[in-house]
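Each chain is listed here by its residues.
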Amino acid sequence: MTQNAETPRLDPGALQEDSAAGGTSAATVPQGADDAHQVVALLIARPVPVQTSGRLEFAARCPSCSSWHRHVGLGEKDAPCGAHYLLEFKTKLKGAA
């Protein structure tokens with residue numbers, strides 16, 4: 001089997017941003033009858049660009065502990081508090097008013 005065939009498919013609304021302060025660190029998405037394989041949906045943190053004297057960094061409020069953490073890049077991050085989240089900018093949908 002190829003990796004694409006093994007990758008579980010998610011419903012379009014399965015991954016949602018947790019905007020509540022102090023929310024849980026991860027949410028599980030049910031996968032039907034096969035409970036052995038569960039997908040953990042990453043929470044999303046929205047970055048704020050910070051220009052330091054040496055480089056561009058990204059600050060984000062942690063969806064788990066609500067503290068500000070700084071990172072040097074975007075993508076999946078492990079915060080100092082132990083949280084694991086996705087650091088990415090919000091994208092605008094084409095044709096949205």
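Presented here is a report on the structure given in the accompanying data block. What you see is a predicted model; the values in this text were computed from it and never measured.

So, the overall build of the protein
Then, number 1: When its secondary structure is counted, the protein shows 1 helix and 7 strands.
Then, number 2: The secondary structure elements of the protein, listed N-terminal to C-terminal, are α-β-β-β-β-β-β-β.
Then, number 3: Long-range contacts, defined as pairs at least 24 residues apart, comprise 30% of the intrachain contacts of the protein with a sequence gap of at least 6.
Then, number 4: Approximately 7200 Å² of the protein is accessible, and the part contributed by carbon and sulfur atoms is 53%.

Describing the environment of Gly-75
Then, number 1: Relative to the helices and strands, Gly-75 is located in strand E6 (residues 75-78).
Then, number 2: For Gly-75 and Tyr-85, which are 10 residues apart along the polypeptide, the C-alpha to C-alpha distance reads 8.3 Å.
Then, number 3: Not counting residues within four places of it along the chain, the set of residues in contact with Gly-75 comprises Tyr-85, Leu-86 and Leu-87.

Considering the sheet that holds strand E3 (residues 48-51)
Then, number 1: The strand order E3-E4-E5 describes an open sheet built from 3 strands, whose pairing is antiparallel. Two strands in the sheet have a free side with no partner beyond their single neighbour: E3 and strand E5 (68-71). Here the average twist between neighbouring strands, direction ignored, is 35 degrees.

Points about the environment of Leu-56
Then, number 1: Topologically, Leu-56 is positioned in strand E4 (residues 56-61).
Then, number 2: On the basis of relative accessible area, Leu-56 is assigned to the partly exposed category, the value being 41%.
Then, number 3: Residues within four places of Leu-56 in sequence aside, it is in contact with Pro-49, Val-50, Gln-51 and Val-72.

Overview of the pattern of salt bridges
Then, number 1: Here the structure, examined in full by the defined rule, presents 3 salt bridges.
Then, number 2: Ionic pairing is found between Arg-46 and Glu-88, a salt bridge with its closest N-O pair at 3.8 Å. Pair noted here: Arg-46 is in the loop between strand E2 (39-45) and E3 and Glu-88 is in the segment after strand E7 (84-87), with a separation of 42 residues, a long-range link.
Then, number 3: Residue Glu-88 is classed as partly exposed on the basis of its relative accessible area, which comes to 30%.
Then, number 4: Between Arg-55 and Glu-57 there is a salt bridge, and its shortest N-O distance comes to 3.0 Å.
Then, number 5: Exposure remark for Glu-57: the relative accessible area of 9% places this residue in the buried category.

As for the nonpolar core
Then, number 1: The biggest cluster of nonpolar side chains holds 8 residues, and these are Ala-45, Phe-58, Ala-60, Cys-62, Ala-79, Ala-83, Tyr-85 and Leu-87.
Then, number 2: The contact partners of Ala-45, leaving out residues within four places of it in the chain, are Ala-60, Arg-61, Pro-63, Tyr-85, Leu-86, Leu-87 and Glu-88.

Cut-offs used in this document
- Residues numbered from 1 in each chain as written.
- Predicted model: local features only at pLDDT ≥ 70, side-chain atom pairs only at ≥ 80, totals over all residues.
- Heavy atoms only, no water.
- Helix = DSSP H or I, 4+ residues; strand = E, 2+ residues; numbered from the N terminus.
- Contact = heavy atoms within 4.5 Å.
- Areas by Shrake-Rupley, 256 points an atom, 1.4 Å probe, with all protein chains shown as cover.
- Pairing = 2+ DSSP bridges.
- Axes fitted to C-alpha atoms, helices over the stretch in contact; angles between N-to-C directions.
- Buried < 20%, exposed > 50% of the residue type's maximum accessible area, 1.4 Å probe, protein only.
- Salt bridge = Lys/Arg side-chain N within 4 Å of Asp/Glu carboxyl O.
- Core = buried A, V, L, I, M, F, W, Y, C linked by side-chain atoms within 4.5 Å.

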